[in-house]
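This is what each chain is made of:
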2 protein chains.
Amino acid sequence: MSTNFSAINNVKFDASGLVPAIIQSFDSKRVLMMAWMSTESLALTISSGQTVFWSRSRQELWRKGATSGNAQFVRMIEIDCDGDTLLIQVDEQGNACHTGLESCFDTASIQIADELAQS
Amino acid sequence: MSTNFSAINNVKFDASGLVPAIIQSFDSKRVLMMAWMSTESLALTISSGQTVFWSRSRQELWRKGATSGNAQFVRMIEIDCDGDTLLIQVDEQGNACHTGLESCFDTASIQIADELAQS
């Protein structure tokens, strides 16, 4: 695995100038949330060591925890093989989800057929 | 957490009719890849118990492992709080990445400043 600052040049942003960032707890490995980053928010994430996203609904930079206090401290930023998705492992302060749950994925799940779930 | 078949109705597909699906190993909790699902590929994933994606580059359904043999067997499908991202935990057969690595995120990482990495 290559690890260097220039790896940021491998990131491919989409037509809207954004890249999806999967946020995972470094300790528990629970996937906490998925949000979007612009070049600016990714640069701010790297320079500050805390996650900063681009809010598509509010069309503004969104420093995670700025209002909630639930910041995320970056441990690792990995880029996928085609450069269009980030996986960011973090140390959490508080819970990731605005609902108060640890993970944004703690809310609902789709049940698959019982026979499929047996393995 | 509510778990039922109708939870599929909570999934919000984007303007292109797609939803991002984060694929995670059920056993190791390593995040393996991120790909996109249409309503049809999600339905096929649920009915077959194996991941089926929508290939944006090829504009066609893509059953993971159809050519590589590296299929993914679904253990759990979770929906995030705003319904626009899926987290799918799977049992892997072989490696997820076309590069031969376990995870598509095993290729490159962005180094963050040393002082930030110390914690």
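Every value quoted in this text rests on a predicted model; they were computed, and no experiment measured them.

Rules of the game
- Residues numbered from 1 in each chain as written.
- Chains lettered and ligands numbered in written order.
- Predicted model: local features only at pLDDT ≥ 70, side-chain atom pairs only at ≥ 80, totals over all residues.
- Heavy atoms only, no water.
- Helix = DSSP H or I, 4+ residues; strand = E, 2+ residues; numbered from the N terminus.
- Buried < 20%, exposed > 50% of the residue type's maximum accessible area, 1.4 Å probe, protein only.
- Contact = heavy atoms within 4.5 Å.
- Areas by Shrake-Rupley, 256 points an atom, 1.4 Å probe, with all protein chains shown as cover.
- Phe/Tyr/Trp six-rings, centres within 6.5 Å; stacked < 30°, edge-to-face > 60°.
- Lys NZ or Arg CZ within 6 Å of the ring centre and 35° of its normal.
- Arc of directions from axis to C-beta.
- Salt bridge = Lys/Arg side-chain N within 4 Å of Asp/Glu carboxyl O.
- Polar contact = N/O pair within 3.5 Å; in protein donor to acceptor, adjacent residues only side chain to side chain.
- pLDDT = per-residue confidence, 0-100.

Peer 1: Describe the overall build of chain A, and please don't skip the residues or the numbers.
Peer 2: When its secondary structure is counted, chain A shows 2 helices and 8 strands. Secondary structure elements of chain A occur, N-terminal to C-terminal, as β-β-β-α-β-β-β-β-β-α. For chain A, buried positions account for 45% of its 119 residues. For chain A, long-range pairs separated by at least 24 residues make up 44% of all intrachain contacts whose partners lie at least 6 apart in sequence. Taken as a whole, chain A presents about 5400 Å² of accessible surface, with 49% of it coming from carbon and sulfur.

Peer 1: Could you give me a rundown of the packing of aromatic side chains, with the residues and numbers involved?
Peer 2: All names here are of chain A. Scanning the entire structure with this criterion turns up 2 aromatic pairs over all chains. Relative to Trp 62, the ring of Phe 53 lies with its centre 5.0 Å away and its plane at 45 degrees, an arrangement referred to as tilted. The class for Phe 53 is buried, based on a relative accessible area of 0%. For Lys 29, the ring lying beneath its charged end belongs to Phe 26, and the centroid distance is 4.5 Å.

Peer 1: Describe unusual backbone geometry, and please don't skip the residues or the numbers.
Peer 2: All names here are of chain A. A positive phi is found at Lys 29, a non-glycine position, where the angle reads about 65 degrees. Within the secondary structure, Lys 29 is located in the loop between strand E2 (19-25) and strand E3 (31-37). Lys 29 sits in the partly exposed class, given a relative accessible area of 25%.

Peer 1: So what's going on with helix H1 (residues 39-48) of chain A? Which residues, and what values?
Peer 2: Residue and element names in this part refer to chain A. Looking at H1, one finds that the buried residues are Ser 41, Leu 42, Thr 45 and Ile 46. Within H1, the buried residues cover an arc of 135 degrees as seen down the axis, which keeps them to one side. Projecting away from the buried face of H1 at angles above 90 degrees are the exposed residues Thr 39 and Ser 47. Where H1 ends, the next residue or the one after it, Gly 49, has phi of about 75 degrees, a positive value.

Peer 1: Go over the pattern of salt bridges, please, and point to the residues and values.
Peer 2: For the coordinates displayed, the defined rule picks out 10 salt bridges over all chains. Note that Glu78(B) is salt-bridged to Arg30(A), the shortest N-O span being 3.0 Å. With Glu78(B) in strand E6 (residues 72-79) and Arg30(A) in the loop between E2 and E3, the pair connects residues from two separate chains. With respect to burial, Glu78(B) and Arg30(A) carry one shared label: buried. The shortest N-O distance in the salt bridge between Arg56(B) and Asp84(A) comes to 3.7 Å. Placement of Arg56(B) in the loop between strand E4 (52-55) and strand E5 (60-63) and of Asp84(A) in the loop between strand E6 (72-79) and strand E7 (86-92) is noted, with the two residues assigned to different chains.

Peer 1: Give a detailed account of the environment of Thr85(A), specifying residues and quantitative values.
Peer 2: Among the structural elements, Thr85(A) can be located in the loop between E6 and E7. For the pair formed by Thr85(A) and Met37(A), sequence separation is 48 residues and the distance between their alpha carbons is 9.9 Å. Non-local contacts of Thr85(A), meaning those with residues more than four positions away in its chain, are made with Val19(A), Pro20(A), Ile22(A), Glu78(A), Ile79(A), Asp80(A), Met34(B) and Phe105(B). Within polar-contact distance, the side chain of Thr85(A) engages the side chain of Asp84(A) at 3.3 Å.

Peer 1: Break down the confidence of the model for chain A for me, citing the residues and quoting the values.
Peer 2: This prediction gives chain A a mean pLDDT of 88; 87% of its residues lie at or above 70. Element-level pLDDT for chain A is lowest in strand E1 (residues 2-4) of chain A, with a mean of 48, against a maximum mean of 98 in E2(A).

Peer 1: Kindly report on the environment of Phe105(A), identifying the contributing residues and their values.
Peer 2: All names here are of chain A. Tracing the backbone shows Phe 105 in the loop between E7 and strand E8 (108-110). Given the relative accessible area of 0%, Phe 105 is considered buried. The spatial distance from the C-alpha of Phe 105 to the C-alpha of Leu 32 is 6.7 Å, given a sequence separation of 73 residues.

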